[in-house]
Amino acid sequence: RSDTRMHFRLVQGPGLSLLSQITAIRGCVSVKSIHKHPFRYQIHHAMSSEAKPKIFITRRVPQKGVDLLKEKFDIFQWNRDDPIPREELLKQVAGKDALFCLLTEKIDDELLEIAGPQLKVVGTMSVGYDHVDIEACKKRNIPVGFTPNVLTDSVAELTVALLLATSRRLVEGVDAVKTGKWGTWGPMWLLGKDLKGSTVGICGFGRIGYAVAERLKPFKIGKLLYSDQVELPYAKDVGAEFASQEQLLKESDFVIACVALTPETKGMFNKDLFKTMKNNAVFVNTSRGGVVNHDDLYDALKSGEIWGAGLDVTVPEPLPTDSPLLSLNNCVVLPHIASATEDTRSDMSELTARNILAAMNGESMPAQVK
């Protein structure tokens, strides 16, 4: 009723305090007392003629995307930095019209069934989408948006940084400074590998592979090889030569994995491929952890089959602290931070929101999984 107070009470998250009372007068929402809780609630005006559609955001994300969604949706959010537990995720998606997720959430048939037939769109704030059952979404006519392109530059930058950190033994050097191992200058201490004059092989020459190649040119490398399903005309723009996977592995001093995770690429970097590489080869992976057999990688590094490895992605994530890989000085492991810049993550959040809004308005998404 427009002339009386309207009271809303919101249900708490498990084990957390109840939102005590929200009083709305003539469409203006005032909060009398709110205790800490894991969800962000966007309450539509009491004077609104009809309820807004509801969206669930599965993590705390850059505000740029959230702000875009405010006008269209009532927002429910797992407002924490740690992933939402599966049980809580299933509870929260029920009855929602849209889902804003990350690669840490498995969007499968079970979740879609629990969400209900009113679910109209799934937007993932990631370039990879192997955590989403695309066929299950298609069966329900639910479009899936993702975030390619916006993270290409930041991932390419980190890939080169990781290659250098591994080949020039930077982590070992920093540790020596901090632990007092830094003695007098020694001509044979912490010797690394040169990029100048080397052969670099990039497995997978899509957007990120190409961007990595662009950034390697100023280092005066000797030869740039790439492998892909077919020869790509744009590779000539950066002087990259098409090669079979076997040729690339045999000739390259640096091998960089830039492949998508698919049933065909899962575990492709295994003992057979590591045996094919040079003994002085440096292997770098910033694509997906699942493309590498980590047991085989450990054996190759431990035995000297390859010289070193730099990983930004692993299976599982986070990598357990007792992982054998972490015991090796010739393996640098980062915590999946290739796209972790302020601008990139903000752009990813914005693109995810725009994908969702486009689908809700019956328009083509800026970036839709086909």
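Coordinates for the structure precede this section.
Presented here is an overview of the structure given in this document. (Residues numbered from 1 in each chain as written. Predicted model: local features only at pLDDT ≥ 70, side-chain atom pairs only at ≥ 80, totals over all residues. Heavy atoms only, no water.)

### Overview of a nonpolar patch on the surface
Rules: Like-charged residues within 9 Å of one another, or nonpolar side chains (Val, Leu, Ile, Met, Phe, Trp, Tyr) within 5 Å, are grouped into patches, provided each residue has over 30% relative accessible area and no salt bridge. With residues, only the protein chains shown are counted as cover, and all accessible areas are computed by Shrake-Rupley using a 1.4 Å probe. Salt bridges are defined as contacts in which a side-chain nitrogen from Lys or Arg sits within 4 Å of a carboxyl oxygen from Asp or Glu. Numbering of helices and strands starts at the N terminus; helices are DSSP runs of H or I of at least 4 residues and strands are runs of E of at least 2.
Taken together, the side chains of Val177, Trp182 and Trp189 present a nonpolar region at the surface, about 360 Å² in accessible area. Examined against the element boundaries, Val177 turns out to sit in helix α6 (residues 170-179).

### Details of the pattern of salt bridges
The line we're drawing: A 1.4 Å probe rolled over the protein chains alone gives each residue an accessible area, and that area as a share of the maximum for its type sets the label: buried under 20%, exposed over 50%, partly exposed in between.
Considering all chains together, one arrives at 19 salt bridges under this definition. A salt bridge links Asp130 to Arg288; the shortest N-O distance between them is 2.6 Å. Of the two residues, Asp130 sits in the loop between β7 (121-124) and α4 (134-139) while Arg288 sits in the loop between β13 (282-285) and α10 (294-303), which places them 158 residues apart along the sequence. Note that Arg169 is salt-bridged to Glu172, the shortest N-O span being 2.9 Å. What makes Arg169 partly exposed here is its relative accessible area of 23%.

### Side note on the sheet that holds strand β14 (residues 308-311)
To keep things clear, this is the line we draw: A pair of strands is labelled paired if DSSP reports no fewer than 2 bridges between them. Lines fitted to C-alpha atoms define the axes here, with helix axes fitted over just the stretch in contact, and angles between the N-to-C directions of these axes take values from 0 to 180 degrees. By the convention used here, residues are in contact when the closest approach between their heavy atoms is within 4.5 Å.
Here seven strands make up an open sheet; going across it, the order is β11-β10-β9-β12-β13-β14-β15 and the pairing parallel. Strand pairing shows two members of the sheet lacking a second neighbour, β11 (240-242) and β15 (331-333), which therefore form its edges. Recorded for the sheet is a direction-independent mean angle of 20 degrees between the axes of neighbouring strands. When strand β9 (residues 199-203) meets strand β12 (residues 254-257), the two strands line up parallel, connected through four bridges. Residue pairing for β12: Cys203 is matched across the bridge by Ala257. Of the strands in this sheet, β13, β14 and β15 are in contact with α10, which crosses β14 at around 145 degrees.

### A few points about the side chain of Ser346
Mapped onto the elements, Ser346 comes out in helix α11 (residues 342-360). When neighbours within four sequence positions are excluded, Ser346 is seen to be in contact with Pro62 and Lys64.

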